[in-house]
Structures are given as structure tokens and as C-alpha cells.
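Structural characterization, general
These are the residues of each chain, in order.
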Amino acid sequence: MMLKISKQTKFLIVFMTITCLVACLGVYVVDKTTKNKISKMQQLIDGQQKQIGDLMVTEEALQDKLEVKEKQLDQLKKENSQLEKMIQNMNRKVSYNSADITEGSNTTAFQLKKALKGTKLEDLAPSLYKAEKLYKINAFVLAGILAHESGWGTKINYNNNLSGFAIYNRGGGKTFDSKEDNVIATAKLLAENYVKSGQKNFHGKSLEAVNTDYCLKDNGNTDWHWSEDINNIAKQLIDKANK
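Here's what I pulled together on the structure shown here. Starting from 1, residues in each chain are numbered consecutively following that chain's sequence as written. Reporting of local features is limited, given that this is a predicted model, to residues whose pLDDT is at least 70; pairs of side-chain atoms are given and counted only at 80 or more, and all residues count toward the totals for whole chains, interfaces and linings. The basis for the side-chain values is all heavy atoms of the structure; hydrogens and waters are excluded.

**A few points about the overall build of the chain**
Secondary structure assignment for the chain yields seven helices and two strands. Put simply, 50% of the contacts in the chain that link residues at least 6 apart link residues at least 24 apart. Here the chain displays about 16600 Å² of accessible surface, and carbon together with sulfur accounts for 57% of that area. Helix and strand definitions here come from DSSP, where helices need a minimum of 4 consecutive H or I residues and strands a minimum of 2 consecutive E residues; each element is numbered from the N-terminal end. Contacts are residue-level and defined by heavy atoms, with any inter-residue pair within 4.5 Å sufficient. Each accessible area is a Shrake-Rupley result for a 1.4 Å probe, and residues are judged covered by the shown protein chains and nothing else.

**Some thoughts on the nonpolar core**
By convention a nonpolar core is built from buried Ala, Val, Leu, Ile, Met, Phe, Trp, Tyr and Cys residues, the set being connected through side-chain atoms within 4.5 Å. Using a 1.4 Å probe on the protein chains alone, a residue whose accessible area is under 20% of its type maximum counts as buried, one over 50% counts as exposed, and one in between counts as partly exposed. Formed by 39 residues in total, the largest nonpolar core has its most connected members in Leu128, Phe140 and Leu190. Elements represented by at least two residues in this core include exactly helix H2 (109–116), helix H3 (125–135), helix H4 (139–150), helix H5 (179–193), helix H6 (207–214) and helix H7 (225–241). Take this core: its biggest share by element is eight residues, from H4. The residues contacting Phe140, other than those within four sequence positions of it, are Val94, Ser95, Ser105, Thr107, Leu112, Ala115, Ala234, Leu237, Ile238 and Ala241.

**Observations concerning the packing of H2 against H3**
Only the contacting stretch of a helix is used when fitting its axis, a line to C-alpha atoms as for every element, and angles between N-to-C directions run 0 to 180 degrees. The interhelical angle for the contact between H2 and H3, taken along N-to-C directions, is 130 degrees, at an axis separation of 8 Å. As the angle between them shows, H2 and H3 are arranged oblique. The element H2 and its partner H3 pack so that their crossing is right-handed. Within the contact between the two elements, H2 uses Ala109, Leu112, Lys113 and Leu116 and H3 uses Ala125, Pro126, Leu128 and Tyr129. Tallied by class, residues from the contact of H2 with H3 come to seven nonpolar, no polar and one charged. Note on terminology: angles under 35 degrees are roughly parallel, angles over 145 are roughly antiparallel, angles of 65 to 115 are roughly perpendicular, and the others are oblique. The crossing is said to be left-handed when, going from far helix to near helix, the turn is anticlockwise and less than a right angle, and right-handed when the turn is clockwise. Classification convention: Asp, Glu, Lys, Arg as charged; Ala, Val, Leu, Ile, Met, Phe, Trp, Tyr, Cys, Pro as nonpolar; all other residues, Gly among them, as polar.

**Thoughts on the packing of aromatic side chains**
Stacked, edge-to-face and tilted are the three classes for Phe, Tyr and Trp ring pairs, Trp counted by its six-membered ring, which pair at centre distances within 6.5 Å; planes under 30 degrees apart are stacked, over 60 edge-to-face, the rest tilted. A complete count under the given rule lists three aromatic pairs for this structure. On the numbers, 5.4 Å between centres and 90 degrees between planes, the contact of Phe165 with Phe176 is edge-to-face. Residue Phe165 is found in the loop between H4 and strand E1 (167–168), and its partner Phe176 is found in the loop between strand E2 (171–172) and H5; the two are separated by 11 residues along the sequence. The exposure classification of Phe165 matches that of Phe176, with both residues buried. Look at Tyr194 and Tyr214: their rings are 5.4 Å apart centre to centre, the planes differ by 65 degrees, and that puts the pair in the edge-to-face class. With a gap of 20 residues between them, Tyr194 in the loop between H5 and H6 and Tyr214 in helix H6 connect regions that are remote in the sequence. According to the relative accessible area criterion, Tyr214 is buried, its value standing at 12%. An aromatic cluster of three or more residues is present, and its members are Tyr194, Tyr214 and Trp226.

**Quick notes on H7**
Expected span of a helix: the number of residues minus one, times 1.5 Å. Over its 17 residues, H7 extends 24 Å from the first C-alpha to the last, a length consistent with the 24 Å expected when each residue adds 1.5 Å. All buried positions along H7 are accounted for by Trp226, Ser227, Ile230, Asn231, Ile233, Ala234, Leu237, Ile238 and Ala241. In this structure, the buried residues of H7 make contact with H2, H4 and H6.

**Things to note about a negative patch on the surface**
The patch calculation keeps residues exceeding 30% relative accessible area without a salt bridge and links them within 9 Å when they carry like charges or within 5 Å when they are nonpolar (Val, Leu, Ile, Met, Phe, Trp, Tyr). For this analysis, a salt bridge means a side-chain nitrogen from Lys or Arg found within 4 Å of a carboxyl oxygen belonging to Asp or Glu. By the counting rule applied here, Lys and Arg register as positive and Asp and Glu as negative, while His and the ends of each chain are not counted. We put the charge of a Lys on NZ, of an Arg on CZ, of an Asp on CG and of a Glu on CD. Side chains of Glu59, Glu60, Asp64, Glu67, Glu70 and Asp74 sit close together on the surface and give a patch of like negative charge. With respect to the secondary-structure elements, Glu60 resides in helix H1 (residues 7–91).

**Remarks on the packing of H6 against H7**
The N-to-C vectors of H6 and H7 enclose an angle of 140 degrees; their axes lie 8 Å apart at closest approach. Relative to H7, the element H6 lies oblique. With respect to the hand of their crossing, H6 and H7 are arranged in right-handed fashion. In this structure, H6 contributes Leu207, Glu208, Asn211 and Tyr214 to the contact, and H7 contributes Trp226, Ser227, Ile230 and Asn231. Residues that form the contact of H6 with H7 fall into these classes: four nonpolar, three polar and one charged.

**Examining the side chain of Asn161**
With respect to the helices, strands and loops of the structure, Asn161 is situated in the loop between H4 and E1. One polar contact links the side chain of Asn161 to the main-chain carbonyl oxygen of Lys174, over a distance of 2.9 Å. Look past the residues within four positions of Asn161 in its chain and what remains in contact with it is Ile156, Ile167, Gly173, Lys174, Phe176 and Asn182. Under the rule applied, a polar contact is a pair of N or O atoms within 3.5 Å (in protein, one hydrogen donor and one hydrogen acceptor; residues adjacent in sequence only if both atoms are side-chain atoms).

Right under this line is the structure:
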């Protein structure tokens with residue numbers, strides 16, 4: 001027995017079927033559009049992430065460059081500070097006190113070289129500076145002794161003996177391996193025998209007091225011209241160093 005469907009029911013079925021198809025088609029269209037939008041959004045996000053990544057790389061590179069520049073700046077500041085100290089050292093006043101030859105000269109090797117410029121003692125500036133630092137004998141007193149005893153380095157009585165070390169009454173004298181050794185030995189001799197109370201030849205710390213036993217005539221009397229000459233030479237050198 002066949003079921004008879006009215007025209008109205010058929011129409012309703014057709015209508016509902018068409019409605020479902022349209023709805024499904026709409027969902028498909030919407031879904032495709034949405035996917036396209038999502039795809040574009042993803043591309044945009046990917047692009048932005050790449051830009052961010054590039055910016056981060058650039059920032060790291062800039063940070064590295066900044067660190068390098070900061071280190072260079074620190075180095076320049078350090079070098080500038082050293083230059084300022086050098087300039088201050090070159091410009092500072094040196095001194096010599098004939099009443100106390102253990103009083104420091106406040107000199108530098110540069111200033112000693114400046115004072116001895118044009119003489120054969122010029123190259124001994126570092127040695128004189130070293131001797132003062134080691135034995136606390138004023139470098140300009142030592143330079144005066146060298147200049148007086150060696151004719152400003154033009155004559156050497158014994159090998160590398162510029163200071164007349166251990167030359168007594170035209171006899172004796174010591175040989176040194178280098179001129180610097182002679183300078184250091186002379187400062188050591190003064191420091192250990194002439195300028196401190198209780199020492200063998202101590203008569204005071206002045207240049208004249210040292211002269212009492214340091215430089216004697218053939219008859220055994222003190223040659224006071226020695227300290228006068230050393231004093232005058234030291235003052236001349238001080239004036240040149242301070243110009």
C-alpha cells in the first residue's frame with residue numbers, strides 16, 4: 001500500500017531541503033572566508049614576528065657595539081689620566097736642599113734628563129732617579145758629584161768610575177761593570193756611611209758635613225771646595241730642570 005503525500009507536504013519537504021542546502025552553502029562560504037582571513041592574519045603575524053626577530057638581532061648587534069665603544073672610552077679615559085699625570089710630573093718643581101741631602105728632589109727621570117741635556121751624563125738620568133729612590137740621596141747631589149769628578153762625563157779615572165769612588169790621595173779607585181753600577185754604589189756609600197747618626201763618617205746631613213770625610217786633600221785635610229762645587233752644580237741643574 002503506497003503512502004500518498006499531499007502537495008503541501010511535498011512543498012514543505014522541498015522547501016526544507018533547499019533551506020538546508022542554502023544553509024550548508026552559507027556555512028561553506030563563511031568557513032572559506034574565515035580561513036582566508038585566518039591565513040592572512042597568520043601571514044601578518046609571521047611577518048611581524050620576523051620583524052621583531054630582526055629588531056632583536058639588530059639590538060644585540062648594537063649592544064655589542066655599545067659595549068665595545070664603552071671599553072674603548074674607558075681605555076681612552078685611562079690613557080688620558082696617565083697623560084695628565086705625565087704632564088703634571090713634567091711640570092712639577094724639583095728641589096735640592098744643601099742642608100739635608102737625604103731630602104727628596106721630587107724629580108722624574110724626564111726632568112733629570114732635561115737638566116743634563118747636552119752633557120755626557122744625560123743618559124744617566126734614569127740611573128740617578130733610580131739611585132734616589134733606592135737610597136734616599138738627592139739625585140741632583142749625585143749628578144753634581146758625577147759632573148764634578150768626571151768633568152761632566154768627559155773623563156773617567158777608572159773603568160766606569162764617574163764619581164771618583166774610592167780614589168784617595170790620587171790612588172786607589174774602583175772599577176764598575178757599568179756607569180749605572182757606579183751611580184748606585186755612590187748613593188749606597190753615602191746612605192750607609194755619611195748621613196745617619198752613628199755611621200762611621202757621619203757629621204750631619206748637609207753637603208758640607210758629608211764633605212768633612214768624603215773629599216780630603218793630599219795632606220789629609222778636608223777639601224771644602226768639593227762641597228762648594230757640588231752645591232753650585234746642583235743648583236744649576238735644578239734651575240734647568242725647573243725651566
